Amino acid sequence: MTRYLRLGVNIDHVATVRNARGGKHPDPVRAAHLAAEAGADGITAHLREDRRHIRDADVERLMAELTLPLNLEMAATDEMLAIALRHRPHAVCLVPEKRTEVTTEGGLDVDGGRGHLERYVAELGAAGIRVSLFIDPEVRQLDAARALGAPVVELHTGAYCDTPPGAGRGSELTRLVQAAAHAEAIGLECHAGHGLDYGTVGPVAAIPTIVELNIGHFLVGEALFVGLGETIRAMRRRMDEERPGARAGAVR
Ligand code: PXP
């Protein structure tokens, strides 16, 4: 049976624009409501250590107002763990974070960081939060995620999206295909995201064992020209074209 592919809409960069002027507009929570109306299956927000886009008050409002599941992206730090345990979002995606980076560059080194990550995966899981680890599409990282007991991995699609067609994008796609197959074989739920747009989403959406895509920057940028609802509906159509017959289903 063809599995449904969920779309998680990342609203970080609505907050980036808001923060450029320090006021209340545009409101990322309003964007989350619009995304829900347009057919998003979940909302994703990254609370960074430096609060450059999403802020604590946004997370509070999202938890209070959202009807969709919230996927909170965060670094594995004690501060973030306390925030996640206080709010108990549907899911937490643990990501690497460097203050100097513009965006999340590369996945978590789960294999090299098992000792550090173990407690975060365990405590979040014990609180009923679905834990996902954002990793590069490498067998070594997938096996380490499995060994840690995380139920979900999100494959970093940045290298695939950043490689021009004809310059090796095919081999980056092959890495994603193989990693998604390995995730399935070892019992991990597989998500993917980073850098996806209308041009790159199709081949990733066609990988049958991936069940969720998280997309943000492109959707928010495109929304400036045609509106957020229309942009999300167009992305949804492109994803659905790759999964004919799949039906929206349960979140887990
Ligand atoms: N997934 C994860 C784990 C991310 O860190 C990001 C970027 O915040 C995304 C997906 C979305 O990437 P983009 O904004 O490039 O669509």
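Nothing here was measured: the structure is a model prediction, and the numbers come from that model. (Residues numbered from 1 in each chain as written. Predicted model: local features only at pLDDT ≥ 70, side-chain atom pairs only at ≥ 80, totals over all residues. Heavy atoms only, no water.)

## What about the overall build of the protein?
Moving on, step 1. A tally of regular secondary structure across the protein gives eleven helices and eight strands.
Moving on, step 2. For the protein, whose C-alpha radius of gyration is 17 Å, the value lies close to the compact-globule estimate of 18 Å for 252 residues.
Moving on, step 3. Here the protein holds 252 residues, and the buried ones make up 52% of them.
Moving on, step 4. Contacts in the protein between residues at least 24 apart in sequence constitute 69% of all its contacts with a sequence separation of at least 6.
Moving on, step 5. In the structure as shown, the protein presents an accessible area of about 11200 Å², 53% of it carried by carbon and sulfur atoms.
Moving on, step 6. Between the averaged position of the 29 positive side-chain charges in the protein and that of its 35 negative side-chain charges there is a distance of 3 Å. (Helix = DSSP H or I, 4+ residues; strand = E, 2+ residues; numbered from the N terminus. Rg over C-alpha atoms; globule rule 2.2 N^0.38 Å. Buried < 20%, exposed > 50% of the residue type's maximum accessible area, 1.4 Å probe, protein only. Contact = heavy atoms within 4.5 Å. Areas by Shrake-Rupley, 256 points an atom, 1.4 Å probe, with all protein chains shown as cover. Lys, Arg positive; Asp, Glu negative; His and termini not counted. Charge placed at Lys NZ, Arg CZ, Asp CG, Glu CD.)

## Thoughts on the packing of helix α2 (residues 28–38) against helix α3 (residues 56–65)
Moving on, step 1. One can describe the packing of α2 onto α3 by two numbers: an axis separation of 9 Å at closest approach and a directional angle of 35 degrees. Two packed elements cross with a definite hand, and for α2 against α3 that hand is right-handed. Contacts between α2 and α3 pair Pro28, Val29, Ala32 and His33 from the former with Asp58, Arg61, Leu62 and Glu65 from the latter.
Moving on, step 2. Taken together, the residues of the contact of α2 with α3 break down into four nonpolar, one polar and three charged. (Axes fitted to C-alpha atoms, helices over the stretch in contact; angles between N-to-C directions. Left-handed = near helix turned anticlockwise from the far one by under 90°. Nonpolar A, V, L, I, M, F, W, Y, C, P; charged D, E, K, R; others polar.)

## Points about the pairing of strand β4 (residues 91–94)
Moving on, step 1. Residues Ala91 and Cys93 of β4 are buried on one face, and the alternating residues Val92 and Leu94, pointing to the opposite face, are buried as well.
Moving on, step 2. Direction of pairing for strand β3 (residues 70–74) relative to β4: parallel, over a ladder of four bridges. Each bridged residue has a counterpart across the sheet, and for Leu72 the counterpart in β4 is Val92.
Moving on, step 3. Taken together, β3, helix α4 (residues 78–87) and β4 form a β-α-β motif whose crossover is right-handed.
Moving on, step 4. When β4 meets strand β5 (residues 130–135), the two strands line up parallel, connected through four bridges. (Pairing = 2+ DSSP bridges. Right-handed = clockwise from strand over helix to strand, strands pointing away.)

## Thoughts on the side chain of Arg6
Moving on, step 1. Locating Arg6 in the fold gives a position in strand β1 (residues 6–10).
Moving on, step 2. Judged by its relative accessible area of 11%, Arg6 is buried.
Moving on, step 3. There is a polar contact of 2.9 Å between the side chain of Arg6 and the side chain of Glu189.
Moving on, step 4. In this structure the side chain of Arg6 is engaged in a polar contact, spanning 3.5 Å, whose partner is the side chain of His191. (Polar contact = N/O pair within 3.5 Å; in protein donor to acceptor, adjacent residues only side chain to side chain.)

## A look at the site of the ligand
Moving on, step 1. With respect to spatial proximity, 14 residues lie near the ligand, and among them Glu73, Glu154, Gly195, Gly216 and His217 are the closest.
Moving on, step 2. Considered on its own, the ligand offers 400 Å² of accessible surface; in the complex 95% of this is hidden by protein.
Moving on, step 3. When its residues are assigned to classes, the shell around the ligand shows three nonpolar, eight polar and three charged. (Near = heavy atom within 4 Å.)

## Describing the pairing of β3
Moving on, step 1. Among the five residues in β3, five count as buried, and that is most of the element.
Moving on, step 2. Side-chain alternation along β3 places Leu70, Leu72 and Met74 on one buried face and Asn71 and Glu73 on a second face that is also buried.
Moving on, step 3. Bridge analysis of strand β2 (residues 42–46) against β3 gives four bridges, and the strand direction is parallel. Bridge assignment links Thr44 to a residue of β3, and that residue is Asn71.
Moving on, step 4. Regarding the hand of the β-α-β motif, the stretch spanning β2, α3 and β3 is right-handed.

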